[in-house]
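# Results of the structural survey
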Amino acid sequence: MKMNKPKMASEKGVPSTSKVQILLAQLEKMTGDSMVRDPETSRQITSKLLHLIQTQEKTGKEVMSKGTSGMEVILSSLESTRDAQTILNILCILSELLTLGKGRRVGVFVSKGGTGVLLRILISTSKEFHPSEELMLQLHSLLAKVGPKDRKLGVKARLSGALNITINLIKKNLQNVKLLLPCLQVLRVYSSNMVNAISLGKSGAIEIMFKILAPYSKKNTSLLKVAVDALAALLKSKTNARRAVEARCVSTLLTLYMDWHRNDTWHRHTAIRKGLLGCLRNITNTKLGRKSFTEADGMRILYNSSSECLTVRTLDPLVNTSSLIMRKCFPKNRLPLPTIKSAFHYQLDHALASGPVAQLYSQPPGVDDVVDDSDDNEDTEADTENDTENEEDEKDCRSLNDDIEKDINKLHPQKSPTRPFEELRVYERFFVELSEDFQDYTFDCSTTSSSSLARTPRTVLVPTAQALSTNDVTTQTSSVLCPPPKDPHYSTPAPLPPPALQLDTLRFSKERNKREEVAQDLSHALECVALKSEDSLNMDKQKGSPISTQKVAHSPLLLEGIAIRCLAGGGGGSDCGSEGAEDEGAVLEVPDTAQLLPLHDLDLYVDMVKGTHSVPQYTEVAYPDYFGHVAPTFREPLLERLYGVQRSKIFQDIERLIHPNDILDKIVYDLDIASCPVIESDGESLKFNSQFESGNLRKAIQIRKYEYDLVLNSDINSNHHHQWFYFEVSGMRVGATYRFNIINCEKSNSQFNYGMQVLMYSVQEAISGRPRWVRTGADICYYKNHFARSSIATGGQKGKSYYTMTFSSSFSHKDDVCYFAYHYPYTYSSLKMHLSKLEAMRTPEIYMRQDVLCETLGGNSCPLLTITAMPESNSNDHVCQFRNRPLIFLSARVHPGETNASWVMKGTLEFLMSASPLAASLREAYIFKIVPMLNPDGVVNGNHRCSLSGEDLNRQWQNPNAELHPTIYHTKSLLQYLAHTQRAPLVFCDYHGHSRKKNVFMYGCSLKETIWQSSISAASSELHEDLGYRALPKILSQIAPAFSMASCSFVVERSKESTARVVVWREIGVQRSYTMESTVCGCDQGKYKGYQIGTRELEEMGAQFCVALLRLKRMTGLHNHQHLLDLESDLIGTQPKVVSSCPTTYVMDEDEPSFLEAVDYSAESNDEDGEADNEAGAGSREIPETPDLRPERPSDPESGHGAWKCGPVASQ
Ligand SMILES: [Zn+2]
């Protein structure tokens, strides 16, 4: 059929306003039969209309203006006409109309059903014997224009059978660029729907795209761009991806990519290059695709090409996508360990058959728990037939809300009759203050205290070097204490005789298979902290012993106002850069930190270590714990993350595969072999050590000259929980920058990505008068790596990977010994030392008592403190006031890796014992019961989260086992005793540390707020709740700079139902029952905004907590109604919105913005849609149905939605 071009009418000078309306009215009249009967008229009218619109812009506005029916008239004419020329005219009219007006006009068109009309015409036209090419061109152009605005276009097209019309048209017109372009554009729109993509794939769409794209040619680049995007969209379907692999498309794509890479010298076609990478990225979501990619040498090709792109910033998207593909295809490695079970095992006497430890050790001997046999669960999953892409997100939200407790019975505080009082009566002994009458008391000073720690007057050894052979010195380079002569690691276990700390009724006798000799070993070892004789000193020097951490210095030396005292001699290399130093009389100068640290005492510390029992039988003391830590006076800002850090680290990782010959792969430290630590003599490697209290390093592997992979040990009797670290390095070269990678981290995100640095302690600095931990490390980032995690440790989930925490550091002193830690270490021995010193600070006005609550599985005692003021006299009134003071119950450090909790506790204790009038008032107001370390064993053994039972003690409060969880069992019993005697504490607070949030904040328990959050309906009568639980955090937010009310939550979560906070609230009936979380990172509000947190701030927090308690007392005493009103308004202000989207801060664990660089490059085949897409925008913008329905977050322009995921993660 011959067709005329749309006719251009040429009547000028007539007022168009009326003209358009007249024409539209005429058209409207014709709609229906007359349209068919009189094609000539309809042709004329539409032709005139087209002319008007083409020549006068306002005409279009008139047609499209609001309140007019122009579009309806045009569409219904289009529907009813059978005349090809009229149709063409109208399509041209629409094309003109929709080109202008931004997206609004297209929106009107779509809302009036325009796309459906177009598809119907497409179908009917295609049924004609010789479909008009011009018509097809116009139809596809229009569809390409409006398609992206119609979310349902893909489905409509499939259902109406339009998909194949387009694909056949493309097949027949491969050389007809003019027609091909709009067809490809429509195909691209269609392909974004997964079901369409599969259907198109079956129709041969992929092969056709390759015909268009290959071989390389720079002709028609705009067409190529559309084709490559369409191909990438098609390949999102795994069925299509496999089809493509089978057709050997991977190497074609790689070849094409390299052709473009080489020929696109001026980077004018990066969009096409990026599109090709997009195809590869989607193909490699399948196992088959990854295999094919590797076989086609894809790793090397992409590595080399992206290395060449690195210098051009505008090519970043190419580099990022390449890196993403390479990471997916990077072969999964196994952790370099024989087993992921902790290197140490503690034999439990009472292991429950169903408990985690029994499960852990019931594996048959041959089982490889490091990786799974088939950790790559392949894509058996078919492409989903489901079109609702946002399901995933909804699921995420639901699982979050799922954690909120919805059982109203569990939400009501209930003092369940737990145990008969007779059973609890034994705990009376811990509350002698409640019955003390003080009649025999002389009111002078040192009395009532039944200190357990001061009770054994053990001689503090003043060790000498006599017993120390030089061999010992050389092998034991860097710690204060030397190990027993032989095999410090496994053999000669060391029990001291069972400590004399005992409780008549509560002590659990344990048969410990420890031998006495170790006591001797230990004291022998302690002798190494020695005042060395000149002789041994000289011997050391001759042998070049590296022991010398010493800065050779004149004695006595005063540095920074710290008196230095002579403690021990060092040997060895004296060329440590100290100017004018003389070797003669060289001694290790030790800062008398006690002058700055009133609670520190070096000798006492060593003494305390002797009574500390560790599973590995540690005999060494780390210098930082020995010298102590004096908080620096300067503030340490959050580290600004440099652009591209993660990428460059990942490239270095990929290089291991590309240039395997550059990799040393040399084990320099390994707890799993008997001769650990591996001693390196050639001076080419760092020396590592972590065999001291709270140390946690299992293995160190030198990768390159200045790069080490580090593996952390699992918690004892467990096979995971890697986060806390504390280790020593020595043998460093000054000026070199070392890269350290901790390769078996588990959490999916970390504050190391948001400004947190590691902590470093330099012994040289310490002996120069700066004994302190400082934040250090550059190029820090945390990302998913290529080490596979066994499903045995992930709770059954397969295909998971570990994460790498990497940092770089250099050293400024030769012959230094440095320590790195996750956070400021605080050992159990430190606690004992602090308590002993605190006790010595007691004045006659202070009532302070130390009891031993119980002994732990590992044989360490768990101290319980009672602090209050002495009664003014022993008069009846005064004693009565004394006994009736409300109780405050505090605890800390149930999670050993959360050392910040101990520093906060230290601040609390120091304040309570201080002479300030506030402290005196506080003591007069309350009786404090404090368990400062609920998990001594975990702390001693370098665990991150568990006790020796391999369990998280803060999940045992509902039903603690007296044998397995003694500290929890007895702490809970104390509280039960108090509840029984109507003395339940006014406030209960358990101090914790939080690894994924900034600031300090609290979790509390509120029935009301939980019900609001859970959106369960409850009768309003059930919602009577005193708002008192908000008072303490509110006060804290006013007085403590690090504290943030906005981060607090008072929701009761199911996953937390066995935590201290929830159990004390429900079972003991303490309304003000809290977890206080302190950041390990820093603050993003208040006075410390922008700074990392230090011990000074943490201790201050502990002191402010006390001050807040005093205010609380005044408030509750006065019944200040105004204040309660304030609270009410505050509460209303924070009342959560209805939880239609993901909840706000409440259950969320992280509140960081999405990444600067997306982190989660997932190779998991079931993770396709969760994959971070580094390149927001570009081609994908015009494609509809992009499932970006994640909740609104402050997003980063670089990363789009980044890797943020709302996953409920327990922390407390
Ligand atoms: Zn915790």
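Residues numbered from 1 in each chain as written. Predicted model: local features only at pLDDT ≥ 70, side-chain atom pairs only at ≥ 80, totals over all residues. Heavy atoms only, no water.

### Observations concerning the overall build of the protein chain
- Scanning the protein chain from terminus to terminus reveals 43 helices and 21 strands.
- Excluding contacts between residues fewer than 6 apart, the proportion of contacts in the protein chain whose partners are at least 24 apart in sequence is 80%.
- Accessible surface for the protein chain amounts to roughly 46800 Å². Of this, 52% is attributable to carbon and sulfur atoms. (Helix = DSSP H or I, 4+ residues; strand = E, 2+ residues; numbered from the N terminus. Contact = heavy atoms within 4.5 Å. Areas by Shrake-Rupley, 256 points an atom, 1.4 Å probe, with all protein chains shown as cover.)

### Details of the packing of helix 17 (residues 249-263) against helix 18 (residues 270-283)
- Packing of helix 17 against helix 18 leaves a shortest axis separation of 10 Å and a crossing angle of 155°. Regarding the angle of helix 17 to helix 18, the classification is roughly antiparallel. In the crossing of helix 17 with helix 18, the sense of the turn from one axis to the other is left-handed. When helix 17 is examined against helix 18, the residues Val-250, Leu-253, Leu-254, Leu-256, Tyr-257, Trp-260 and His-261 are found in contact with a partner set consisting of Ile-272, Arg-273, Leu-276, Leu-277, Cys-279, Leu-280 and Ile-283.
- A breakdown of the residues in the contact of helix 17 with helix 18 according to their chemical character gives 12 nonpolar, 1 polar and 1 charged. (Axes fitted to C-alpha atoms, helices over the stretch in contact; angles between N-to-C directions. Parallel < 35°, antiparallel > 145°, perpendicular 65-115°, else oblique. Left-handed = near helix turned anticlockwise from the far one by under 90°. Nonpolar A, V, L, I, M, F, W, Y, C, P; charged D, E, K, R; others polar.)

### With respect to the coordination of the zinc ion
- Protein coordination at the zinc ion: the donors are His-895 (ND1), Glu-898 (OE), Glu-898 (OE) and His-992 (ND1), at 2.1 to 2.3 Å from the metal.
- Taken in sequence order, the residues that donate to the zinc ion follow the motif H-x2-E-x93-H. Residue His-895 is found in the loop between strand 17 (887-892) and helix 35 (899-912), and its partner His-992 is found in strand 19 (residues 987-994); the two are separated by 97 residues along the sequence.
- Judged by relative accessible area, which is 0%, His-895 ranks as buried.
- Overall, the relative accessible area of 0% leaves His-992 in the buried class. (Donors = N, O, S within 2.8 Å, 3.2 Å for Na, K, Ca; no water. Buried < 20%, exposed > 50% of the residue type's maximum accessible area, 1.4 Å probe, protein only.)

### Some details on the pattern of salt bridges
- Considering all chains together, one arrives at 39 salt bridges under this definition.
- When the shortest N-O distance is used, the salt bridge between Glu-433 and Arg-849 registers 2.7 Å. Taken together, the positions of Glu-433 in the loop between helix 25 (421-424) and helix 26 (470-475) and Arg-849 in strand 15 (residues 846-855) put the pair 416 residues apart, joining distant regions of the chain. Both residues of the pair, Glu-433 and Arg-849, belong to the buried class.
- One network of salt bridges, with partners in common, ties together Asp-653, Glu-655, Arg-656, Arg-704, Glu-707, Asp-709 and Arg-739. (Salt bridge = Lys/Arg side-chain N within 4 Å of Asp/Glu carboxyl O.)

### Considerations on the side chain of His-600
- With respect to the secondary-structure elements, His-600 resides in the loop between strand 3 (588-591) and helix 29 (602-610).
- Of the polar contacts made by the side chain of His-600, one reaches the backbone oxygen of Phe-627; its length is 3.5 Å.
- At 3.5 Å, the side chain of His-600 forms a polar contact with the backbone nitrogen of Gly-628. (Polar contact = N/O pair within 3.5 Å; in protein donor to acceptor, adjacent residues only side chain to side chain.)

### Description of the confidence of the model for the protein chain
- Per-chain confidence: the protein chain averages 79 in pLDDT, with 74% of residues scoring 70 or above.
- Considering only residues more than four positions removed or in separate chains, one finds that residues 5-13, a stretch of pLDDT under 50, has 18 contacts.
- For the stretch residues 1119-1150, pLDDT sits under 50, and the model shows 56 contacts to residues farther than four places along the chain or on other chains. (pLDDT = per-residue confidence, 0-100.)

### Comments concerning the nonpolar core
- Residues Phe-688, Phe-740 and Met-1076 are the most contacted members of the largest nonpolar core, which totals 137 residues.
- Here this core takes 11 residues from helix 42 (residues 1095-1118), the largest share from any one element.
- Not counting residues within four places of it along the chain, the set of residues in contact with Phe-740 comprises Leu-686, Phe-688, Tyr-708, Leu-710, Val-729, Met-805, Thr-806, Phe-807, Ser-809, Phe-811 and Phe-820.
- Grouped together as the second largest cluster of nonpolar side chains are 115 residues, Leu-91, Cys-92, Phe-651 and Tyr-783 included. (Core = buried A, V, L, I, M, F, W, Y, C linked by side-chain atoms within 4.5 Å.)

### Focus on unusual backbone geometry
- Here the amide bond leading from Ala-214 into Pro-215 is cis, since omega sits at -5°, within 30 degrees of zero.
- Relative to the helices and strands, Pro-215 is located in the loop between helix 14 (205-213) and helix 15 (221-234).
- Not every positive phi belongs to a glycine, and Arg-248 is a case in point at roughly 60°.
- The topology assignment puts Arg-248 in the loop between helix 16 (238-246) and helix 17.

### Looking at the packing of aromatic side chains
- What the rule picks out here adds up to 40 aromatic pairs.
- Residues Tyr-726 and Trp-773 carry aromatic rings whose centres are separated by 5.7 Å and whose planes lie at 65° to one another, so their mutual orientation is edge-to-face. Of this pair, Tyr-726 sits in strand 8 (residues 726-730) while Trp-773 sits in strand 11 (residues 773-776), and the two are 47 residues apart along the sequence.
- A residue is classified by how much of its surface remains accessible, and Tyr-726, at 0% relative accessible area, is buried.
- When the centroid spacing of 5.5 Å and the interplanar angle of 65° are considered together, the rings of Tyr-847 and Phe-882 count as edge-to-face. Highlighted residues: Tyr-847 in strand 15 and Phe-882 in helix 34 (residues 876-883), separated in sequence by 35 residues. An identical accessibility class is assigned to Tyr-847 and Phe-882; each is buried.
- Site record: aromatic cluster; members linked through ring pairs are Phe-688, Tyr-706, Tyr-708, Phe-725, Phe-727, Tyr-738, Phe-740, Phe-752, Phe-807, Phe-811, Phe-820 and Tyr-822.
- The ring of Tyr-802 has Arg-789 sitting right over it, with the charged end atom 5.6 Å from the ring centre. (Phe/Tyr/Trp six-rings, centres within 6.5 Å; stacked < 30°, edge-to-face > 60°. Lys NZ or Arg CZ within 6 Å of the ring centre and 35° of its normal.)

### Some details on the environment of Thr-612
- Mapped onto the elements, Thr-612 comes out in the loop between helix 29 and helix 30 (623-627).
- Each C-alpha atom, one on Thr-612 and one on Tyr-828, is 7.6 Å from the other, the two residues being 216 residues apart in sequence.
- When residues no more than four places from it in sequence are discounted, the contact partners of Thr-612 are Glu-693, Tyr-828, Ser-829, Lys-832, Asn-860 and Val-940.
- One polar contact links the side chain of Thr-612 to the main-chain carbonyl oxygen of Met-608, over a distance of 3.1 Å.

### What to know about the sheet that holds strand 4 (residues 666-670)
- Taken in spatial order, the 6 strands line up as 4-6-7-9-13-12 in an open sheet, and their pairing is mixed. Each of the sheet's edge strands pairs with one partner strand only, and the pair in question is strand 4 and strand 12 (778-788). Averaged over neighbouring strand pairs, the angle between their axes works out to 25° when direction is ignored.
- Across 4 bridges, the pairing between strand 7 (residues 707-711) and strand 9 (residues 737-745) is parallel. Bridging from a neighbouring strand, Asp-709 pairs with Asn-741 of strand 9.
- Against the sheet, helix 31 (residues 645-658) makes contact with strand 6 (699-704), strand 7, strand 9, strand 12 and strand 13 (801-810), and its axis sits at roughly 45° relative to strand 12, the strand it touches most. (Pairing = 2+ DSSP bridges.)

### Notes on the side chain of Arg-105
- Relative to the helices and strands, Arg-105 resides in helix 7 (residues 104-111).
- No salt bridge is formed by the buried Arg-105, whose closest oppositely charged neighbour, Glu-57, lies at an N-O distance of 6.5 Å.
- Within the local environment of Arg-105, its side chain forms a polar contact with the backbone oxygen of Leu-97, the two atoms lying 2.9 Å apart.
- Ignoring sequence-local partners within four residues, the contact set of Arg-105 consists of Gly-60, Lys-61, Met-64, Leu-97, Leu-98 and Leu-100. (Lys, Arg positive; Asp, Glu negative; His and termini not counted.)

### As for the sheet that holds strand 20 (residues 1000-1003)
- The strand order across the open sheet formed by 7 strands is 15-16-18-17-19-21-20, and the pairing between neighbours is mixed. Two strands close off the open sheet at either side, each with one partner strand: strand 15 and strand 20. Each neighbouring strand pair of the sheet contributes to a mean axis angle of 20°, computed without reference to strand direction.
- Packed on one face of the sheet, helix 36 (residues 917-925) meets strand 15, strand 16 (861-869) and strand 18 (927-931) and runs near 100° to strand 16.

### Some details on the packing of helix 12 (residues 177-191) against helix 13 (residues 194-202)
- Relative to each other, helix 12 and helix 13 sit at 125°, their axes nearing to 7 Å. When the axis of helix 12 is compared with that of helix 13, the two are oblique. In contact with Leu-187, Tyr-190 and Ser-191 of helix 12, helix 13 contributes Asn-196, Ala-197 and Leu-200.
- Of the residues assigned to the contact of helix 12 with helix 13, the class counts are 4 nonpolar, 2 polar and no charged.

### A word on the environment of Arg-290
- Residue placement: Arg-290 occurs in helix 19 (residues 287-295).
- Once the C-alpha coordinates of Arg-290 and Pro-331 are considered, the two residues, 41 residues apart in sequence, prove to be 9.3 Å apart.

### A closer look at the pairing of strand 18
- Counting buried positions over the 5 residues of strand 18 gives 5, a clear majority of the element.
- Looking at chain direction, strand 16 and strand 18 are connected through 3 bridges and run antiparallel. By the bridge assignment, Leu-865 is partnered in strand 18 with Ile-930.
- Two strands pair when backbone bridges link them, and strand 17 and strand 18 are joined in this way by 5 bridges, in the parallel orientation. Residue pairing for strand 18: Ile-888 is matched across the bridge by Phe-928.

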